[in-house]
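Each chain is listed here by its residues.
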Amino acid sequence: MTILQVKNLNYHYSQMTKASISKLNFSLNSGEWLTILGKNGSGKSTLVHLLDGLLLADSGQIIIDGQILSKENIWSIRKKIGIVFQNPDNQFVGETVLDDVAFGMENNAVTRKLMFQRANDALQKVNMAAFADRQPARLSGGQKQRVAIAGVLVLNPKILILDEATSMLDPIGRQEVWQTIKKLRENHQLTVISISHDLTEMALSDRVIVLNDGKITFDGKAKALFLKDKLLNDNGLKLPFLSQLVKDLRQNKIMPSGNFKNGKELAALIWKSFSSM
Ligand SMILES: Nc1ncnc2c1ncn2[C@@H]1O[C@H](COP(=O)(O)OP(=O)(O)OP(=O)(O)O)[C@@H](O)[C@H]1O
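Residues numbered from 1 in each chain as written. Predicted model: local features only at pLDDT ≥ 70, side-chain atom pairs only at ≥ 80, totals over all residues. Heavy atoms only, no water.

**So, the packing of helix α5 (residues 141-153) against helix α6 (residues 171-188)**
How we decide: Angles here are taken between N-to-C directions and fall from 0 to 180 degrees, while the axes themselves are lines fitted to C-alpha atoms, restricted in helices to the stretch in contact. Strands here are runs of E lasting at least two residues and helices are runs of H or I lasting at least four, both read from the DSSP assignment and numbered beginning at the N terminus. Relative orientations are named as follows: roughly parallel for angles under 35 degrees, roughly antiparallel for angles over 145 degrees, roughly perpendicular for angles from 65 to 115 degrees, and oblique for any other angle. Note on definitions: a residue-residue contact is assigned when non-hydrogen atoms from the two residues lie within 4.5 Å. By the convention adopted, Pro, Cys, Tyr, Trp, Phe, Met, Ile, Leu, Val and Ala count as nonpolar, Lys, Arg, Asp and Glu as charged, and the other residues, Gly among them, as polar.
One can describe the packing of α5 onto α6 by two numbers: an axis separation of 8 Å at closest approach and a directional angle of 30°. In this view, α5 runs roughly parallel relative to α6, as classed from their interaxial angle. Across the interface between the two elements, Gly-142, Gln-143, Gln-145, Arg-146, Ile-149 and Leu-153 of α5 pack against Gly-173, Glu-176, Val-177, Thr-180, Ile-181 and Leu-184 of α6. Split by residue class, the contact of α5 with α6 holds five nonpolar, five polar and two charged.

Below you can see the structure in the form of structure tokens.
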């Protein structure tokens, strides 16, 4: 089922000489994970603001869950989108993790009992129920972002947008967030859009769109993008270490045959082929 359609979308900031989003077309299926990549100024944030109704398009349409986004229905459509931002510390209002997640529902005419019940459910979904009584400020970066995701989930969005949500995290924090996303998709069919510069994150997603100058210059699988040296270069994108290593080995014809799932297995393959020489 199509959950999001972007049709011929255009947006031009009045003080700019050219459009920041130009003739954009794409659609997204329910449960899909899309990564949007692009160098600084390519239009990623502008697109997020358009999807969230913070900006209104000059022309074109955004259709979310069957409804065309317009001035009149911004508030109801906005509820279908939840955004987690880059800096986890800017997102907390509650004194405890549980309060914080529950506060997200304050304006939703939900009883206090139901608010805390739903907050607990959301914390379970991101594996943070054991931290319900902790102070958000004292959590690790990955834990903070998982709480921020729970704060969005309580509102039952159809689409979760991660706006560079892993860029300030250490490798462990990133892994925690990616695991959480994997679980949410498997168990709850959540649709995810992540804005990211991280090609490892992109490789985990189903599909990638590269924006350049407000236009789509690539729309396809991560594997296909990894083969496009010029496109990667032009967009300032760097392959993950392991992918770059395999590519270099293949180019120098020293890539041993055999399958591997991670760096350790690749190292074992290389070792085996050298020791049999
Ligand atoms: N509020 C604004 N007023 C005027 N121009 C803007 C505004 N916000 C963004 N722009 C311009 O629109 C274009 C797209 O910017 P945008 O912030 O959407 O890109 P981005 O891909 O999100 O960049 P970054 O990775 O740096 O966040 C850029 O040329 C930028 O200068």
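**Some remarks on the domain arrangement of the chain**
Bring the parts together and some accessible area is lost; that lost area is often taken as the interface size. Heads up, the rule is: All domain edges in this entry derive from an automatic or database-based domain assignment.
What the domain assignment lists for the chain is domain 1 (2-238) and domain 2 (240-277). Computed over C-alpha atoms, the centres of domain 1 and domain 2 are 35 Å apart.

**Details of the site of the ligand**
Condition: Throughout, the term near means that a residue has one or more heavy atoms lying within 4 Å of the molecule or strand in question. Polar contact criterion, stated in full: a pair of N or O atoms within 3.5 Å, where within protein one must be able to donate a hydrogen and the other to accept it, and residues adjacent in sequence count only if both atoms are side-chain atoms. Calculation of accessible area relied on Shrake-Rupley with a 1.4 Å probe; when residues are assessed, cover is drawn exclusively from the protein chains displayed.
The local shell around the ligand consists of Tyr-13, Gln-15, Met-16, Ser-20, Lys-39, Asn-40, Gly-41, Ser-42, Gly-43, Lys-44, Ser-45 and Thr-46. Contact distances for the ligand include 2.7 Å between an oxygen atom and a side-chain N or O atom of Ser-45. Protein contact buries 65% of the 630 Å² of open area that the ligand shows by itself. When the residues that make up the shell around the ligand are grouped by side-chain class, the tally is two nonpolar, eight polar and two charged.

**Side note on unusual backbone geometry**
Of note, the phi angle at Asn-127 is positive, near 60°, even though the residue is not glycine. Inspection of the secondary structure assignment puts Asn-127 in the loop between α4 (112-125) and α5. Positive phi values are uncommon outside glycine, yet Gln-189 reaches one of about 55°.

**Focus: the UniProt feature "domain: ABC transporter" (unreviewed entry) in the chain**
How we decide: UniProt positions are given in the numbering used here, feature names are shortened, and annotations may be inferred rather than shown by experiment.
If you check UniProt for "domain: ABC transporter" (unreviewed entry), the listed places come out as residues 4-238 in our numbering. Secondary structure content for residues 4-238 is 35% helix and 24% strand, while the C-alpha to C-alpha distance between its ends is 29 Å.

**Observations regarding the packing of helix α10 (residues 241-251) against helix α11 (residues 263-275)**
We apply this condition: Take the far helix as your reference; a near helix turned counterclockwise from it by less than a right angle gives a left-handed crossing, and one turned clockwise gives a right-handed crossing.
Between α10 and α11, the shortest axis-to-axis distance is 11 Å and the interhelical angle comes to 20°. As the angle between them shows, α10 and α11 are arranged roughly parallel. Regarding α10 and α11, the two cross each other, and that crossing is left-handed. Every residue of α11 that contacts α10 at Leu-242, Leu-245, Val-246 and Leu-249 is listed here: Gly-263, Leu-266 and Ile-270. In terms of residue class, the contact of α10 with α11 is built from six nonpolar, one polar and no charged.

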